[in-house]
Amino acid sequence: MPPKGTVRCRIGGSELEEHVTRLYGAEVVRAIAGYVPMYCWSSFTEVYLLREELLEAVERILSSGRVPYSAGLYAGRLRRSRPKFIPSHILVERVYEVLGRYVRALEAAEQGVRVVLYGRDLLKGSTLRCFEPVERGEVVSVVGTDGRVYAIGLSEVGSCSELGRLRAEDAVARVIFDLGWYLRGGTVARERKYKV
Amino acid sequence: MASYTEALSAVWSRIRSSTNSKVEEVASSYGYLSYMVARYLEMLGSWEEVVEMLNAFERELVRSVRVNTLRFKDPREVVERLEALGYSLTPVPWERYSYTVAKVGRVPLGATHEFLLGGYYLYRGLASLLPPVALNPSGRDRVLDAAAAPGGKTTHMAQLMGGRGMIVAVDVDRERFRALRSNLERMGVENVVTLRMDGRLVPKVFGRFFTKALLDAPCTGEGLIQIDKSRKVKTSFEDLVRAHRLQVELLRATVEAVVPGGLVLYSTCSIAPEEDEFTVTEVLESSGRVEVVDLPIELNLLPGLSEYFGVRFPDGVRRCRRVYPHKHGMEGFFLCLLRVL
């Protein structure tokens, strides 16, 4: 949902590209090429990626003194504190398509995915593989064995090698967003989208 | 006649005067308000057909699954996953991404891993697939979805457009709007701009901007009795008139936002003529800017009513289409395609 309070939006800007480059490398900027970013902010900032076909409609809305509730592809949220950028699951899937491999990711077993989809943390015992780089407190994707991104979490480890020292019941990623949100609190209760 | 909206009060008098003991008896045995059954007799013309329809409303709704090809290019991938769960699916001949659920699997459609995991499919009644198919938007269109939430038809149109072109999805209801946004994100739709606003204000924001528009109007849901039996008793005639007035205002605004030559698809999940033929006729007569055209799909749907309790509708209204559960095996629905002049 849009930030609370008076929302303002602007079309264009380089912040998203900077964060994507910082997290995933310069080569994945291709994942957002062909789109124009739109930033809508109040207490936090939501980022959307617009195809050219959407620009005229968005400009008409903005010039009428209103703001869109959402537009185009939801790219994620910019924050003042760490993590400075929480990418959307769709953006991360595109990044992996461009890269042809996972980075900043944890592959979860089927039962781990099920648990994560209820907003619970990913445990070592359900983690099949780890893909560097991972940084403690920075975003990490939870991917299924089918290659889909099911959650975004904050890494509890500073590198994949640390997993070997964890017990099966230790958290590897603190989940801050999972796809179950859309069918759970996202539409009924006032559960926050990102638990951070 | 001053207007078709004003004629509704005369219709109500005629409904009441046509309510006899047979109407009361049938209404009581099926658990309906009497006035509804009196209307069904007027609409369908025979008791035999009224009873057929009432019996059809008692049967379980045939569900359909629409595979989200925006995220899964090959529908077979999703079909095979559902078949592995015990489902039996039959392709819908007139909608290339959709399947009729011939046999329900071990897990309900809303609880499968594939649904919960995000974006594999949406499930709904078959008739809900009709409005986007009838409007048939392409990647070159600028589309208005004037009452969009929770977004089943918005995502369907985005799919038909191959994720190209542009849809502006408008709705006013806050909670339903969250569901709209959720569906769009979950299903990976990227050619939609959402705007939480009263749909009647659309022309003020956009002017004449859109090449196609869908108004799947808020309605009493008198076609959805298979899903919600409370609809047998919860709608008064005053509720119908209130819904009609809002529908007329929304349809006028939708027409105003479409360029000359553009198309507007008006639909409701209601078989109530008060919300269907009366609404379309009121806008036809008062705007002078639209005409009814044939739907690009046939499917043996029934024509719009030409007369109802002594009120005659213009000839063009017969080009609208009615969907009945006992005739078409779907929920009750109404569709009307209008061309803006």
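Residues numbered from 1 in each chain as written. Chains lettered and ligands numbered in written order. Predicted model: local features only at pLDDT ≥ 70, side-chain atom pairs only at ≥ 80, totals over all residues.

(A) Fine view of the overall build of chain A. The helix and strand inventory of chain A stands at 4 helices and 12 strands. A principal-axis box enclosing the C-alpha atoms of chain A has dimensions of 55 × 40 × 30 Å. A total of 196 residues make up chain A; the buried ones form 45% of that total. Within chain A, contacts between residues separated by at least 24 positions form 58% of all contacts whose residues are at least 6 apart in sequence. (Helix = DSSP H or I, 4+ residues; strand = E, 2+ residues; numbered from the N terminus. Buried ≥ 20, exposed ≤ 12 C-beta atoms within 10 Å, placed from the backbone. Contact = placed C-beta atoms within 7 Å.)

(B) View of the packing of helix 1 (residues 4-17) of chain B against helix 12 (residues 277-287) of chain B. Two elements in contact, helix 1 of chain B and helix 12 of chain B, have axes separated by 9 Å at closest approach and are oriented at 145 degrees. Contacts between helix 1 of chain B and helix 12 of chain B pair B:Tyr4, B:Thr5 and B:Leu8 from the former with B:Phe278, B:Thr281, B:Glu282 and B:Glu285 from the latter. (Axes fitted to C-alpha atoms, helices over the stretch in contact; angles between N-to-C directions.)

(C) Representation of the domain arrangement of chain A within the structure. All names here are of chain A. Domain parsing of chain A yields domain 1 (8-93) and domain 2 (102-183). The partner domain 2 presents 12 residues to the 9 residues of domain 1 that form the contact. Counting residues per element, the ones that place at least two in the side of domain 1 that touches domain 2 are helix 1 (15-24), strand 6 (85-87) and helix 3 (89-99). Sorting elements by how many residues they give to the side of domain 1 that touches domain 2 places helix 3 first, with 3 residues. Across the side of domain 1 that touches domain 2, the residue classes tally to 6 nonpolar, 1 polar and 2 charged. (Domains from an automatic or database assignment. Nonpolar A, V, L, I, M, F, W, Y, C, P; charged D, E, K, R; others polar.)

(D) Representation of the sheet that holds strand 6 of chain A within the structure. Residues and elements named next belong to chain A. Strands sit in the order 1-2-3-5-6 across an open sheet of 5 strands; the sheet is antiparallel. With one partner strand each, in any of the chains shown, strand 1 (8-11) and strand 6 form the two edges of the open sheet. Across this sheet, the average inter-strand angle for adjacent strands is 25 degrees, counted without regard to direction. The pairing of strand 3 (residues 45-50) with strand 5 (residues 73-78) spans 5 bridges and is classified as antiparallel. Bridge pairing links glutamate 46 to arginine 77 in strand 5. Its contacts with the sheet place helix 2 (residues 52-63) against strand 1, strand 2 (36-41) and strand 3, and it is angled at close to 140 degrees to strand 3. (Pairing = 2+ DSSP bridges.)

(E) Here's a closer look at the sheet that holds strand 2 (residues 88-91) of chain B. Residues and elements named next belong to chain B. Spatially, 4 strands are ordered 2-3-1-4 in an open sheet, and the strand pairing comes out antiparallel. A strand with exactly one partner marks an edge of an open sheet, and here the two such strands are strand 2 and strand 4 (121-125). Looking at each pair of strands side by side, their axes are set apart by 35 degrees on average, direction ignored. Of the pairings in the sheet, the one linking strand 2 to strand 3 (residues 98-103) comprises 4 bridges and is antiparallel in character. Its bridge partner lying in strand 3, leucine 89 is registered against valine 101.

(F) Expanded view of the interface of chain A and chain B. Taken together, the contact pairs 27 residues of chain A with 25 residues of chain B. Breaking the side of chain A that touches chain B down by element, the ones donating at least two residues are helix 2, strand 4 (70-71) and strand 5 of chain A. A total of 6 residues in the side of chain A that touches chain B trace back to one element, the largest contributor, which is helix 2 of chain A. Looking at the side of chain A that touches chain B, its residues break down into 16 nonpolar, 6 polar and 5 charged.

(G) Structural detail: the domain arrangement of chain B. Residues and elements named next belong to chain B. In terms of domains, chain B is made up of domain 1 (4-58), domain 2 (63-125) and domain 3 (127-340). The C-alpha centroid of domain 3 is placed 25 Å from the C-alpha centroid of domain 1. The interface is formed by 18 residues belonging to domain 1 together with 23 residues belonging to domain 3. Contributing elements (two or more residues each) for the side of domain 1 that touches domain 3: helix 1, helix 3 (34-44) and helix 4 (47-58).

(H) Broad picture of unusual backbone geometry. In this chain, A:Arg82 is followed by A:Pro83 through a cis amide linkage whose omega measures -5 degrees. Relative to the assigned elements, A:Pro83 resides in the loop between strand 5 and strand 6. Here the residue pair B:Ala149 and B:Pro150 is connected by a cis peptide bond, since its omega of 5 degrees sits within 30 degrees of zero. Inspection of the secondary structure assignment puts B:Pro150 in the loop between strand 5 (142-145) and helix 8 (152-160). Look at B:Asn136: it is not a glycine, yet its phi comes out positive at around 50 degrees. Inspection of the secondary structure puts B:Asn136 in the loop between helix 7 (130-135) and strand 5. We note that B:Asn300 has phi near 55 degrees; this positive angle belongs to a residue other than glycine.

(I) Broad picture of the nonpolar core. One finds A:Val142, B:Ala213, B:Leu215, B:Val264 and B:Leu338 to be the most contacted residues of the largest nonpolar core, which totals 154 residues. B:Leu215 has contacts with B:Ala146, B:Ala147, B:Leu250, B:Leu251, B:Thr254, B:Val264 and B:Tyr266, leaving out every residue within four places of it along the chain. (Core = buried A, V, L, I, M, F, W, Y, C linked by C-beta atoms within 7 Å.)

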